[in-house]
Amino acid sequence: GDLYALQGSSVLKSTNQGDAWTTVGTLPIAPSDVVLTGSEAGAPTLYAAALSANQWKLYRSTDAGASWAYRYDIDDFWKTLAASITDADLVLFGGVELWRSADGGGSFAAVNGWAEYYGDPLNKLHADLPGVDFVWTPAGDEIAYIATDGGLYRSDDGVATVTNISLTAL
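Residues numbered from 1 in each chain as written. Predicted model: local features only at pLDDT ≥ 70, side-chain atom pairs only at ≥ 80, totals over all residues. Heavy atoms only, no water.

Turning our eyes to something else, we now look at the overall build of the chain. When its secondary structure is counted, the chain shows zero helices and 15 strands. Taken over the C-alpha trace, the chain has a radius of gyration of 16 Å; the compact-globule value for 170 residues is 15 Å, and the two agree within 12%. Across its three principal directions, the C-alpha atoms of the chain cover 50 × 40 × 25 Å. Looking at the chain as a whole, 45% of its 170 residues qualify as buried. Partitioning the contacts of the chain with sequence separation of at least 6, the portion at a separation of at least 24 is 33%. Seen as two clouds, the 8 positive and the 21 negative side-chain charges of the chain have centres 4 Å apart. (Helix = DSSP H or I, 4+ residues; strand = E, 2+ residues; numbered from the N terminus. Rg over C-alpha atoms; globule rule 2.2 N^0.38 Å. Buried < 20%, exposed > 50% of the residue type's maximum accessible area, 1.4 Å probe, protein only. Contact = heavy atoms within 4.5 Å. Lys, Arg positive; Asp, Glu negative; His and termini not counted. Charge placed at Lys NZ, Arg CZ, Asp CG, Glu CD.)

Here is the structure:
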């Protein structure tokens, strides 16, 4: 399918696997750093975390990058940003903790506090989130894999709940 990238504030799109790029939109700020993710749901729906004046800000595009709306100031961020494949309103960002939004980035809540892990390592995320990926299963369902400094987790419900899949056999 189509590829999207950010170069500065320019939103680029390729329809030929990156051989050629066209500008399809512009972020409303000139960031010093940026992270882009997208959801196949929508037109598609794109999310950009943009760093400007030492503050990460989340922007959302519901029209494949043509226009952007500010959504949220991000404070706990290690450049981990992911959007659901099937739900354009589900977006996550990670730092010490994983933060989840079900309203398109308008509000976020921690999946759990990092210290909760020690009382329930099977169902609570460990601290420090270097990566999140949403993937398709062979049956056509969406699952999320969440990487932490304390192991790998899986979620089958849009990261409403998580299961530590790395407690044994490593």
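Anyway, onward from the coordinates.
This part is about the pairing of strand β10 (residues 98-101). One ladder, built from four bridges, connects strand β9 (residues 91-94) with β10; its direction is antiparallel. In the strand pairing of β10, Phe93 is matched with Trp99. Where β10 lies against strand β11 (residues 109-110), two bridges are found, and the strand directions are antiparallel. When the bridges of β11 are listed, Arg100 appears paired with Ala109. (Pairing = 2+ DSSP bridges.)

Attention now goes to the packing of aromatic side chains. Note on aromatic pairs: each is described by the distance of the centres and the angle between the planes. Taken as a whole and assessed by the stated rule, the structure comprises nine aromatic pairs. Taking the centre distance of 4.7 Å and the plane angle of 55° together, the rings of Tyr72 and Phe108 count as tilted. Taken together, the residues span a long stretch of sequence, with Tyr72 in strand β7 (residues 69-74) and Phe108 in the loop between β10 and β11 at a distance of 36 residues. Tyr72 gets classed as partly exposed once you look at its relative accessible area, which sits at 22%. (Phe/Tyr/Trp six-rings, centres within 6.5 Å; stacked < 30°, edge-to-face > 60°.)

Glancing now at the nonpolar core. Core analysis: the largest hydrophobic core is formed by 15 residues, its most contacted members being Leu98, Val132, Phe134, Ile146 and Val159. Elements represented by at least two residues in this core include exactly β12 (131-136) and β13 (142-148). Residues contacting Val159, with those up to four places away along its chain left out, are Leu92, Leu98, Arg100, Val111, Phe134, Ala144 and Ile146. Listed in part, the 13 residues of the second largest apolar core include Val35, Leu51, Leu58 and Ile74. (Core = buried A, V, L, I, M, F, W, Y, C linked by side-chain atoms within 4.5 Å.)

To continue, consider the sheet that holds strand β14 (residues 151-155). What the four strands build is an open sheet, ordered β12-β13-β14-β15; its pairing is antiparallel. The two strands at the open ends of the sheet, each matched to only one other strand, are β12 and β15 (163-164). By the bridge criterion, six bridges tie β12 to β13 in an arrangement that is antiparallel. Pairing of Val135 across the sheet is with Ile143, part of β13.

Read from one edge of the open sheet, four strands run β4-β5-β6-β7, paired in antiparallel fashion. Each of the sheet's edge strands pairs with one partner strand only, and the pair in question is β4 (33-39) and β7. Strand-to-strand twist in this sheet, taken as the mean axis angle between neighbours without regard to direction, amounts to 20°. Here seven bridges tie β4 to strand β5 (residues 45-52), and the two strands are oriented antiparallel to one another. Bridge pairing links Val34 to Ala50 in β5. (Axes fitted to C-alpha atoms, helices over the stretch in contact; angles between N-to-C directions.)

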